Amino acid sequence: MPSRSLQTQLFRVQLGTALVFLTIALVFCWRMTLVDQAIERHVALTAQMNVLHHVIEVADMAPDEAASAEKREHLRSRIYRHLESLAPPLDPATLDLANLAGRALRSGGEEARRLRERRTEAEQRYEDLELAARDAEVDYRAQLVWVGIAWASILVLPLVLAAWPLRLSREVIAAIHRLGGKVELGRRTGDARGVSIDRSDEVGRLGTAIDEMFRTLRQREEEASLARQLWREQQKLGDIINIIGGIAHEIANPLSIILASLEAQNRPCATCTMDGGEASPVREGLSRIHALLQDLTAFTTGDHDVDMVDVNGVIRGVLRIIQLDDRLRASRFEASLEQTLPAVRFSSPLLTLVMFSMMSDTASVLHGTQGELRVVTTADGETLSILARARRTDAAAAVVPDREPGQAADEESSTLVSMSRVVQAYGGTLTAEPDDISARAYRLSLPLHGSGGE
């Protein structure tokens, strides 16, 4: 159905009203013309009948009356007066009889005799004109009826045509009331689609705009809620980072002193073996603690400005933190990191938060069971890809995950939705990789060129 605006409908109402009025006015004028023609025809026929009446009267005059000059002049003047009143000329027969009567009144004799001989012709002509006059009168009355109908239509038409604009205005007013209900529903529930307006004009387009407005407001409110949640997650991560950083520094200082003392005591003793004796296991343990503290320190450094970030360093720090979870003690961690991986433009704390959320959710499938968490980084042309996959190996202790294989990241949890939006702001993507029910995997892709988050 083609869209018709209110302006078009109102224009059609006005145009239709004007055309109907014009048509009826033309019909009225035409019928009035026919009435005038019927009147003129009746007048002409009556005048001709009067002429013939006087002709018959002259033909019936006695010889003595014919000799009366006053009588003859009176009849003659009446005949010619009727002739002059006729706008159209008389037919030849009537005109000939009128002229013959005039000559008979003027001279008498032979003209009078000829007139009496043609009296029958005059009577027949008079009867024909009388019938024509009756027909003209009937036609006149019929035309008057049609004129009355046209005039009544002109008088009644405004009342009839007023129903059309009234109906249109009633529909528009009802639609406006529905618009008010739609706005009220949108204010109460945030969704105005419960009140439908099935119109294709301006009112219908306004209803669609209201639906779009509330949809946009709802989307912005959701985005604001996700932004607040992301901020809270950042605050939590910031608190964790600060605590971990403080602990790492507190442990690192005395550990460095101990390591320095061990190096200074590089002398043989009675209880020491040739390869370092009992000090070698101690030095090895302290070195492992020192390496862990270095990773934790790297995990806690960085500011919120967008800069070139070492992705492999962030992954190693996040993996160190995740391995501290007691629920993952029975699982194995493996990082296959491409050594030539270039840095990316990102906010270091935000990237740390994204990686922590992604790996934590990936590792959650391994809680309380045995399995493996593997992180792989690759660079392909314009894109840096990080794949985190966790798979259980202890089927008896497996817990069925709360999502189907291949479910998108933005369907997993509000946290991952927030992370996905953060990554998208920097030109990347965070998606769930298809897998079976005993595994979970996420892929993070970041652009190697450009800075979407600046």
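Residues numbered from 1 in each chain as written. Predicted model: local features only at pLDDT ≥ 70, side-chain atom pairs only at ≥ 80, totals over all residues. Heavy atoms only, no water.

### As for the overall build of the chain
Piece 1. Helix and strand counts for the chain come out as 12 helices and seven strands.
Piece 2. Taking all contacts inside the chain whose residues are at least 6 apart in sequence as the whole, residues at least 24 apart take part in 75%.
Piece 3. Surface exposure of the chain reaches about 26500 Å², of which carbon and sulfur atoms provide 56%. (Helix = DSSP H or I, 4+ residues; strand = E, 2+ residues; numbered from the N terminus. Contact = heavy atoms within 4.5 Å. Areas by Shrake-Rupley, 256 points an atom, 1.4 Å probe, with all protein chains shown as cover.)

### Considering the sheet that holds strand 7 (residues 439-447)
Piece 1. Strands sit in the order 2-4-5-7-6 across an open sheet of five strands; the sheet is mixed. This sheet does not close on itself; its edge strands, each paired only once, are strand 2 (331-336) and strand 6 (429-432). Across the sheet, the mean angle from the axis of one strand to that of its neighbour is 10°, orientation sign disregarded.
Piece 2. Here six bridges tie strand 2 to strand 4 (residues 371-380), and the two strands are oriented parallel to one another. Among the inter-strand pairings, Ala335 is bridged to a residue of strand 4, identified as Val375.
Piece 3. Running at roughly 170° to strand 4, helix 10 (residues 311-322) makes contact with strand 2, strand 4 and strand 5 (383-392) of the sheet.
Piece 4. Each of strand 4, strand 5, strand 6 and strand 7 touches helix 11 (residues 348-363); the most contacted strand, strand 7, lies at about 160° to it. (Pairing = 2+ DSSP bridges. Axes fitted to C-alpha atoms, helices over the stretch in contact; angles between N-to-C directions.)

### A word on the packing of helix 4 (residues 92-107) against helix 5 (residues 110-117)
Piece 1. The interhelical angle for the contact between helix 4 and helix 5, taken along N-to-C directions, is 140°, at an axis separation of 7 Å. By the angle class used here, helix 4 and helix 5 are oblique. For the element pair helix 4 and helix 5, the recorded crossing hand is left-handed. On helix 5, the residues touching Leu97, Leu100, Ala101, Arg103, Ala104 and Ser107 of helix 4 are Glu111, Ala112, Arg114 and Leu115.
Piece 2. In terms of residue class, the contact of helix 4 with helix 5 is made up of six nonpolar, one polar and three charged. (Parallel < 35°, antiparallel > 145°, perpendicular 65-115°, else oblique. Left-handed = near helix turned anticlockwise from the far one by under 90°. Nonpolar A, V, L, I, M, F, W, Y, C, P; charged D, E, K, R; others polar.)

### Overview of the nonpolar core
Piece 1. In terms of nonpolar packing, the biggest core is built from 41 residues, with Ile315, Leu351, Met355, Ile386 and Leu444 touching the most fellow members.
Piece 2. When contributions to this core are tallied by element, the ones reaching two or more residues are helix 10, strand 3 (344-347), helix 11, strand 4, strand 5, helix 12 (414-425), strand 6 and strand 7.
Piece 3. With eight residues, helix 11 is the single largest residue contributor to this core.
Piece 4. Setting aside anything within four residues of it in sequence, one finds Leu351 in contact with Val309, Val311, Val314, Phe346, Leu444 and Leu446.
Piece 5. Listed in part, the 22 residues of the second largest apolar core include Val51, Val58, Ala122 and Leu129. (Core = buried A, V, L, I, M, F, W, Y, C linked by side-chain atoms within 4.5 Å. Buried < 20%, exposed > 50% of the residue type's maximum accessible area, 1.4 Å probe, protein only.)

### Some words on the environment of Leu52
Piece 1. Along the chain, Leu52 falls in helix 1 (residues 6-59).
Piece 2. Residue class for Leu52 comes out buried when judged on its relative accessible area of 0%.
Piece 3. Along the sequence, Leu52 and Ala101 sit 49 residues apart, while their C-alpha atoms lie 9.5 Å from each other.
Piece 4. Contact partners of Leu52, with chain neighbours within four places excluded, come to Thr94, Leu97, Ala122, Arg125, Tyr126 and Leu129.

### Looking at the pairing of strand 7
Piece 1. By the criterion of burial, strand 7 is predominantly enclosed, with seven of the nine residues buried.
Piece 2. Two strands pair when backbone bridges link them, and strand 5 and strand 7 are joined in this way by nine bridges, in the antiparallel orientation. Each residue of the ladder has a partner; that of Arg389, found in strand 7, is Ala441.
Piece 3. Across four bridges, the pairing between strand 6 and strand 7 is antiparallel. Across the sheet, Ala432 pairs through a bridge with Tyr442, a residue of strand 7.

### A closer look at the environment of Ala122
Piece 1. Residue position: Ala122 is located in helix 6 (residues 119-161).
Piece 2. You can call Ala122 buried: its relative accessible area is 0%.
Piece 3. A sequence separation of 67 residues divides Ala122 from Val55, and the C-alpha atoms of the two residues are 7.3 Å apart.
Piece 4. Residues in contact with Ala122, not counting those within four places in the same chain, are Leu52, Val55, Ile56 and Leu97.

### A closer look at the confidence of the model for the chain
Piece 1. Taken as a whole, the chain shows an average pLDDT of 75; of its residues, 71% reach a score of 70 or greater.
Piece 2. Per-element confidence in the chain is highest for strand 5, whose mean pLDDT is 91, and lowest for helix 2 (residues 63-66), whose mean pLDDT is 50.
Piece 3. This stretch, residues 270-277, has a pLDDT under 50; its non-local contacts, to residues over four places away or in other chains, come to three contacts.
Piece 4. Low pLDDT, under 50, characterises residues 396-412; the stretch is placed with 36 contacts to residues that sit more than four places away or in other chains. (pLDDT = per-residue confidence, 0-100.)

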